[in-house]
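Read off the chains here:
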Amino acid sequence: LLATGHEDTVCIWDRRSPSQQMSVLAPGQTRVLGVDWSYHERGKLLSVSAQDAHAPTPEAIAEDEVALAQSATPASSGSGFIKVWDINSDAKVHESIDIEHGLPGTARFMPFGPSILATVDSSVVLFSLPQRGGGRKAQVLQHFNGHAAPVGSVEFARRENGRQWRLLSFSKR
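Residues numbered from 1 in each chain as written. Predicted model: local features only at pLDDT ≥ 70, side-chain atom pairs only at ≥ 80, totals over all residues. Heavy atoms only, no water.

1. Examining the environment of Ala-118
Item 1. Mapped onto the elements of the fold, Ala-118 is located in strand 9 (residues 115-120).
Item 2. Overall, Ala-118 belongs to the buried group, its relative accessible area being 0%.
Item 3. Sequence separation between Ala-118 and Val-48 is 70 residues; the distance between their C-alpha atoms is 8.9 Å.
Item 4. Leaving out residues up to four positions away in the same chain, Ala-118 has contacts with Ile-82, Thr-106, Ala-107, Ser-123, Val-124, Val-125 and Phe-127. (Helix = DSSP H or I, 4+ residues; strand = E, 2+ residues; numbered from the N terminus. Buried < 20%, exposed > 50% of the residue type's maximum accessible area, 1.4 Å probe, protein only. Contact = heavy atoms within 4.5 Å.)

2. So, unusual backbone geometry
Item 1. The phi dihedral of Asp-121 is positive, around 55°, even though this residue is not glycine.
Item 2. Considering the arrangement of structural elements, one finds Asp-121 in the loop between strand 9 and strand 10 (123-128).
Item 3. On the basis of relative accessible area, Asp-121 is assigned to the buried category, the value being 19%.

3. Quick word on the pattern of salt bridges
Where charged atoms from two side chains of opposite charge come close, those side chains can pair.
Item 1. Overall, the coordinates contain 2 salt bridges when judged by the stated rule.
Item 2. One salt bridge in this structure joins Lys-44 and Glu-41, with 3.2 Å as the shortest N-O distance.
Item 3. A relative accessible area of 26% means that Glu-41 is categorised as partly exposed.
Item 4. Close ionic contact of Glu-155 with Arg-108 constitutes a salt bridge, the shortest N to O distance being 3.0 Å. One end of the pair, Glu-155, is in strand 12 (residues 151-158); the other, Arg-108, is in strand 8 (residues 104-109), with 47 residues separating them in the sequence.
Item 5. The partly exposed category is assigned to Glu-155, whose relative accessible area is 30%. (Salt bridge = Lys/Arg side-chain N within 4 Å of Asp/Glu carboxyl O.)

4. A word on the packing of aromatic side chains
Item 1. As enumerated under the stated definition, the model contains 1 aromatic pair in all.
Item 2. Over the ring of Phe-81 we find Lys-83, and its NZ or CZ is 4.9 Å from the ring centre. (Phe/Tyr/Trp six-rings, centres within 6.5 Å; stacked < 30°, edge-to-face > 60°. Lys NZ or Arg CZ within 6 Å of the ring centre and 35° of its normal.)

5. A short note on the sheet that holds strand 6 (residues 79-86)
Item 1. Judged by pairing direction, the sheet is antiparallel, and its 4 strands sit side by side in the order 4-5-6-7 without closing on themselves. If you trace the sheet from one side to the other, it starts and ends with strand 4 (31-37) and strand 7 (93-99), each paired once. Neighbour-to-neighbour, the strand axes of this sheet turn through a mean angle of 15°, independent of strand direction.
Item 2. With 8 bridges connecting them, strand 5 (residues 44-51) and strand 6 associate as antiparallel partners. Counterpart to Leu-46 in the pairing with strand 6 is Val-84. (Pairing = 2+ DSSP bridges. Axes fitted to C-alpha atoms, helices over the stretch in contact; angles between N-to-C directions.)

6. Let's talk about the pairing of strand 12
Each regular strand shows side chains that alternate between the opposite faces of the sheet.
Item 1. When strand 12 meets strand 13 (residues 165-171), the two strands line up antiparallel, connected through 7 bridges. Bridging across to strand 13, Val-151 finds its partner in Ser-171.
Item 2. Connecting strand 12 to the next strand, strand 13, in antiparallel fashion are 6 residues, including Gly-162 with a positive phi near 80°.

7. Some words on the nonpolar core
Item 1. Counting residues in hydrophobic clusters, the biggest one holds 15 residues, and the most contacted among them are Leu-46, Ile-82, Ala-107, Ile-116 and Phe-127.
Item 2. Put simply, the parts of the chain that give this core at least two residues each are strand 5, strand 6, strand 7, strand 8, strand 9 and strand 10.
Item 3. The element contributing the most residues to this core is strand 9, with 3 residues.
Item 4. When neighbours within four sequence positions are excluded, Ala-107 is seen to be in contact with Asp-36, Leu-46, Val-48, Ile-82, Ile-116, Leu-117 and Ala-118. (Core = buried A, V, L, I, M, F, W, Y, C linked by side-chain atoms within 4.5 Å.)

Right, here's the structure in full:
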């Protein structure tokens, strides 16, 4: 199977029948920025979507001022979300992680453990991902700050010994 993002839709394709998508997920969701398949659960994928920043409200301006006072990077007035899909389930959406103060760029399932690594503005954020039927929501486990510009991509590279992974994150500066 192949998953693709098309403007506001995530499509699942059977590579044996490339002329017609097998399934359409989230028609009408905001701008789809990326998709990724799970390393561990067959039929599970995630999509990253972002809403463009609109004119900031007085509350957003106040929150940006607080964020600026607490760190060197102001919060974005944009928002977005990461959706985890189970294409084998009738409900389809397994989890939704709302990102209210920041624009997500990309997200990847971790190659080990039930978690997601995502870019949000100039940070990389590690989210826990609850097990099916666990009854709890995804939680932020760690923020990695240090990029001077928005992070465009995160990737994993297996080390030569085959048992360890490296995290690579890229920004424009």
